Amino acid sequence: NLRVEWIYEINIAGGQVATIIHPSAYVSKKAEIGKGCVILPQAVVNAYSTIKTGCIINFGAVVDHDVVVERGVHLCINSVVKSFFIKIFHCCFQL
């Protein structure tokens, strides 16, 4: 994933990568968000979920509790990941 590679290269060079969370998004205080992630408007990341480096959680997407979204994954607009202890790898969901 090119996005994750760039984040890695920036970190190696001593730079820092921002994680951006839109004010209208909800991210639980008990969720973990990695470096270089973007959480777009009206997205939801619930408790005990982990969003790893370089992910995009698009407009209105929902990540339910106990989900692990691996590095570089892009969840599309209005997608829903609702499960218990599920990992999402390099894919994109859309309803």
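What comes next is a walk through the structure. (Residues numbered from 1 in each chain as written. Predicted model: local features only at pLDDT ≥ 70, side-chain atom pairs only at ≥ 80, totals over all residues. Heavy atoms only, no water.)

### Quick word on the overall build of the chain
Defined as follows: Each helix is a run of DSSP H or I of at least 4 residues and each strand a run of E of at least 2, with the numbering of both proceeding from the N terminus. Residue contacts are defined here by distance: any two heavy atoms, one from each residue, within 4.5 Å place the two residues in contact. Accessibility throughout is a Shrake-Rupley quantity obtained with a 1.4 Å probe, and a residue counts as covered only by protein chains that appear here.
For the chain, the helix and strand inventory stands at one helix and 12 strands. Counting from the amino terminus, helix and strand elements in the chain follow one another as α-β-β-β-β-β-β-β-β-β-β-β-β. Long-range pairs, those at least 24 residues apart, make up 8% of the contacts in the chain with a sequence separation of at least 6. As presented, the chain carries roughly 5,700 Å² of accessible surface, and 60% of it is formed by carbon and sulfur atoms.

### What to know about a nonpolar patch on the surface
Selection criterion: Patch rule: a residue counts if its relative accessible area is over 30% and it has no salt bridge; like charges are joined within 9 Å, and nonpolar side chains (Val, Leu, Ile, Met, Phe, Trp, Tyr) within 5 Å. When a carboxyl oxygen of Asp or Glu is within 4 Å of a side-chain nitrogen of Lys or Arg, the pair counts as a salt bridge.
Taken together, the side chains of L2, W6 and I10 present a nonpolar region at the surface, about 330 Å² in accessible area. With respect to the helices and strands, the residue I10 is situated in helix α1 (residues 2-12).

### What to know about the side chain of D64
Going by this rule: Working definition: with a 1.4 Å probe on protein chains only, accessible area under 20% of the residue-type maximum means buried, over 50% means exposed, and in between means partly exposed. Within 3.5 Å is the distance limit for a polar contact, defined as a pair of N or O atoms, with the added protein rule that one can donate a hydrogen and the other accept it, and that residues adjacent in sequence qualify only through two side-chain atoms.
Examined against the element boundaries, D64 turns out to sit in the loop between β8 (62-63) and β9 (67-69). Judged by relative accessible area, D64 falls into the buried class, the value being 11%. A polar contact of 3.1 Å, which involves the side chain of D64, links it to the side chain of K82. Setting aside residues up to four positions removed in sequence, D64 forms contacts with N46, S49, V81, K82 and S83.

### Looking at the sheet that holds β8
Selection criterion: For two strands to be treated as a pair, DSSP must find at least two bridges joining them.
Strand order in this open sheet of four strands is β2-β5-β8-β11, and the pairing throughout is parallel. A single partner strand is all that each edge strand has here, and the edge strands are β2 (26-27) and β11 (80-81). Inspection of the sheet shows strand β5 (residues 44-45) paired to β8 by two bridges, in the parallel sense. Opposite V44, over in β8, you have V62 as the bridge partner.

### What about the sheet that holds strand β7 (residues 56-57)?
In spatial order, the strands read β1-β4-β7-β10; together these four strands make up an open sheet with parallel pairing. The outermost strands of the open sheet, each flanked by one partner alone, are β1 (20-21) and β10 (74-75). The pairing of strand β4 (residues 38-39) with β7 spans two bridges and is classified as parallel. Bridge pairing in β7 places I39 opposite I57.

### Re the pattern of salt bridges
Under the defined criterion, the tally for this structure stands at two salt bridges. Here E70 and K52 are joined by a salt bridge, their closest N and O atoms 3.3 Å apart. Taken as a pair, E70 in the loop between β9 and β10 and K52 in the loop between β6 (50-51) and β7 lie far apart in primary sequence, 18 residues in all. Assessed through its relative accessible area of 11%, E70 is described here as buried. On the basis of relative accessibility, which here comes to 30%, the residue K52 falls in the partly exposed class.

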